[in-house]
Amino acid sequence: MSWRCGLIENGVTFHPDGTIAPCCLVTNDYRKPISELFNDPFADLRTGKPEPACKACIDAEGNNLESIRKNFKPYDDRSYRYLDVRNTNLCNMKCRMCGPEYSSLFSKELGNKDFIIKQDIGQYLEKIVNNKLEYIYYTGGEPLLNPDHWLLLELLIEKGYSKNIVIVYNSNGTVTKFKDKNIIDIWKQFKHVKLMLSIDAVGEEFNILRHGGKWDKVKQNLEIMKHWPIETTIAVTVSLLNIWTLKNLMQELQDFNIKLNNLYYPPHLSLNAIDERYKQQAVNCLTELKDYHHDHNLLDYLIHYTNNNYNCALFKNTILHVLMLDKKRNENLFDRLPFTDYSTINI
């Protein structure tokens with residue numbers, strides 16, 4: 001069977017830096033300039049076989065996991081049907097596992113003068129919006145703070161296309177309204193809306209991992225969102241920073257659907273960067289989650305990924321990352337992790 005992907009053939013992802021890609025998971029070195037948008041930019045991936053840029057889907061399918069490729073039907077007409085809009089890093093948080101490309105506050109913290117970056121996609125959306133659009137994925141930054149996001153939704157409603165379109169968000173759970181917009185009235189015009197809330201811990205660990213957010217407030221918002229007429233999911237990014245307390249999250253948010261996502265980038269925060277001396281403890285934490293989460297196949301993969309710690313040489317960068325941000329933000333994440341016996345001699 002030939003390798004086909006609906007995102008390669010009918011999708012586009014808009015990045016803040018002026019580049020595009022068929023999806024968010026292709027390797028960063030594959031991105032193309034947005035000027036290529038209407039020149040069949042991803043034709044070099046339509047070879048009938050998996051290409052190196054598609055490593056994420058190759059690995060997922062090789063481990064019998066759900067891949068993004070299999071969720072999108074390919075069409076031969078080359079029309080854009082699937083959009084991934086992440087055209088600005090504007091965000092009200094600076095999460096530990098993020099960085100300046102996707103968080104304006106993180107960029108500002110690092111001393112960048114032009115800390116808000118944005119790709120102007122208005123002129124392209126006018127051409128790309130069509131009655132064949134099926135799916136739009138919004139992330140950021142924080143998508144509900146992105147004015148372009150609201151303009152596109154209103155354009156789709158105005159043209160009568162919205163009723164055929166599914167919208168999916170990755171949101172940080174801090175935004176329940178934007179200016180004078182009635183979010184629910186707008187969303188009711190679309191076929192389906194799914195809100196994936198990025199929450200990786202609860203309590204004080206949440207406040208540290210997703211700096212700028214406050215768990216008490218987000219928890220209040222969850223109660224509000226629970227009653228919205230949309231699908232709501234907790235999207236957990238699994239990394240070396242949070243596997244130690246994921247059991248607490250599972251217990252506190254047991255009334256919600258929880259989706260686990262393995263973190264691959266940055267590599268020094270990925271599970272396979274674990275130092276050998278902490279590997280068994282990490283595996284034990286993941287194994288314990290089987291009592292709380294239904295996707296045992298994914299948990300088995302995460303355990304295998306941790307055991308196969310081929311990036312363990314990066315672990316000193318894990319420690320440096322934690323300590324640097326602890327110092328900058330006057331926080332104590334390092335004291336909450338099981339690495340306190342890791343000697344500074346190793347760094």
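Every chain is numbered on its own, with residues counted from 1 as its sequence reads. For this predicted model, a pLDDT threshold of at least 70 governs which residues receive local features, and a threshold of 80 or more governs which side-chain atom pairs are given and counted, while totals over whole chains, interfaces and linings are taken from all residues. Side-chain metrics in this entry use all non-hydrogen atoms of the structure; hydrogen atoms and water are not considered.

Engineer: Go over the overall build of the protein with me, naming the residues and quoting the values.
Structural biologist: Helix and strand assignments come from DSSP, with helices taken as H or I runs of at least 4 residues and strands as E runs of at least 2, each series counted from the N terminus. Looking only at helices and strands, the protein features 13 helices and eleven strands. Taking 347 residues into account, the globule formula puts the C-alpha radius of gyration at 20 Å, and the protein, at 20 Å, falls close to it. For the protein, the spread of C-alpha atoms along the principal axes amounts to about 60 × 50 × 45 Å. Looking at the 347 residues of the protein, the share that counts as buried comes to 54%. Only C-alpha atoms enter the radius of gyration; for comparison, a globular chain is expected to reach 2.2 Å times N to the power 0.38, where N is the number of residues. Each residue is placed in one exposure class: buried if its accessible area under a 1.4 Å probe, protein chains only, is under 20% of its type's maximum, exposed if it is over 50%, and partly exposed if it falls in between.

Engineer: So, the pairing of strand S6 (residues 135-138): which residues are in play, and what are the values?
Structural biologist: For a regular strand, side-chain orientation follows a simple rule: the groups alternate between the two sheet faces. Strand direction decides the pairing type here: strand S4 (residues 82-85) and S6, joined by four bridges, are parallel. Across the sheet, the residue bridging to tyrosine 82 is tyrosine 135, located in S6. A strand pair is defined by DSSP finding two or more bridges across the two strands. Pairing geometry for S6 and strand S7 (residues 166-171), over four bridges, is parallel. Its bridge partner being in S7, tyrosine 138 is matched across the sheet by tyrosine 169. Tracing the backbone out of S6, into helix H5 (residues 147-159) and back to the parallel element S7 gives a crossover that is right-handed. Handedness of a crossover: with both strands directed away from the viewer, a clockwise path from the first strand across the helix to the second marks it as right-handed.

Engineer: Can you lay out the packing of aromatic side chains for me, pointing to particular residues and giving the numbers?
Structural biologist: Pairs were defined over the aromatic rings of Phe, Tyr and Trp, the Trp ring being its six-membered one, requiring ring centres within 6.5 Å. Orientation was assigned from the angle between planes: stacked under 30 degrees, edge-to-face over 60, tilted for the rest. Counted by the stated rule, this structure contains 14 aromatic pairs. Seen from their ring centres, tyrosine 30 and phenylalanine 42 are 6.3 Å apart, and the 45 degrees between their planes marks the pair as tilted. With tyrosine 30 in the loop between strand S2 (19-21) and strand S3 (32-33) and phenylalanine 42 in the loop between S3 and helix H2 (55-62), this residue pair connects regions lying twelve residues apart in the sequence. Assigned by exposure class, tyrosine 30 and phenylalanine 42 land together as buried. A connected cluster of aromatic rings, assembled from ring pairs, spans Trp244, Tyr278, Phe315, Phe339 and Tyr342. In this structure, arginine 81 is placed above the aromatic ring of tyrosine 75, and the distance from its NZ or CZ to the ring centre is 3.5 Å. Any Lys NZ or Arg CZ that is within 6 Å of a ring centre and within 35 degrees of that ring's normal is treated as a charge sitting over the ring. Taking NZ or CZ as reference, arginine 329 lies 5.2 Å from the ring centre of phenylalanine 106, over its face.

Engineer: So, the side chain of lysine 94: which residues are in play, and what are the values?
Structural biologist: Structurally, lysine 94 is set in strand S5 (residues 94-95). Here, residues are in contact when the closest pair of their heavy atoms is within 4.5 Å. Here lysine 94 is in contact with Ser103, Leu105, Phe106, Glu109, His211 and Arg329, once residues within four sequence places are set aside.

Engineer: Can you lay out helix H10 (residues 276-288) for me, pointing to particular residues and giving the numbers?
Structural biologist: Within H10 the residues assigned to the buried category are Tyr278, Lys279, Ala282, Val283, Cys285 and Leu286. Within H10, the buried residues cover an arc of 160 degrees as seen down the axis, which keeps them to one side. On the buried face of H10, the contacting elements are strand S10 (231-238), helix H11 (296-307) and helix H12 (315-329). It is the directions from the helix axis to the C-beta atoms that the arc portrays.

Engineer: Please give an account of helix H8 (residues 215-225) that cites residues and values.
Structural biologist: For H8, the full list of buried residues reads Trp215, Val218, Asn221, Leu222 and Met225. Summarising the axial view, the buried residues of H8 lie within an arc of 115 degrees, below the 170-degree limit, and thus occupy one face. Close packing links the buried residues of H8 with strand S8 (192-198), helix H7 (204-209), S10 and helix H9 (246-252).

Engineer: Can you lay out the sheet that holds S7 for me, pointing to particular residues and giving the numbers?
Structural biologist: Ordered in space as S3-S2-S1-S4-S6-S7-S8-S10-S11, the nine strands form an open sheet in which the pairing is mixed. The open sheet is flanked by S3 and strand S11 (257-262), the only strands paired with a single partner. Pairing geometry for strand S1 (residues 11-14) and S2, over two bridges, is antiparallel. Bridging across to S2, threonine 13 finds its partner in alanine 21. Its contacts with the sheet place H5 against S6 and S7, and it is angled at close to 165 degrees to S6. Convention adopted: a line fitted to C-alpha atoms gives each axis, helices being fitted over their contacting stretch, and angles between N-to-C directions are expressed from 0 to 180 degrees.

Engineer: So, the environment of leucine 144: which residues are in play, and what are the values?
Structural biologist: Tracing the chain through its elements places leucine 144 in the loop between S6 and H5. Given the relative accessible area of 0%, leucine 144 is considered buried. Sequence spacing of leucine 144 and glycine 173 is 29 residues, and the spatial spacing of their C-alpha atoms is 9.7 Å. Excluding residues that lie within four positions of it along the chain, leucine 144 makes contacts with His149, Trp150, Tyr169, Ser171, Val175, Phe178 and Trp187.

Engineer: So what's going on with the pattern of salt bridges? Which residues, and what values?
Structural biologist: Opposite charge on two side chains makes pairing possible when the charged atoms of those side chains draw close. Salt bridge criterion: a side-chain nitrogen from Lys or Arg within 4 Å of a carboxyl oxygen from Asp or Glu. Scanning all chains against the criterion turns up 28 salt bridges. Close ionic contact of aspartate 275 with arginine 277 constitutes a salt bridge, the shortest N to O distance being 2.7 Å. The class for arginine 277 is partly exposed, based on a relative accessible area of 46%. Bridged by salt links that share partners, the residues Arg4, Glu9, Asp76 and Arg78 form one connected network.

Engineer: I'd like a description of the nonpolar core, backed by residues and values.
Structural biologist: As used in this record, nonpolar core signifies buried Ala, Val, Leu, Ile, Met, Phe, Trp, Tyr and Cys residues forming a set joined through side-chain atoms within 4.5 Å. In this structure, Trp187, Ile199 and Leu253 are the most contacted members of the largest nonpolar core, which totals 108 residues. Here this core takes six residues from H11, the largest share from any one element. Each residue touching tryptophan 187, except ones within four places of it in the same chain, is listed here: Leu144, Leu153, Tyr169, Val193, Trp228 and Ile230.

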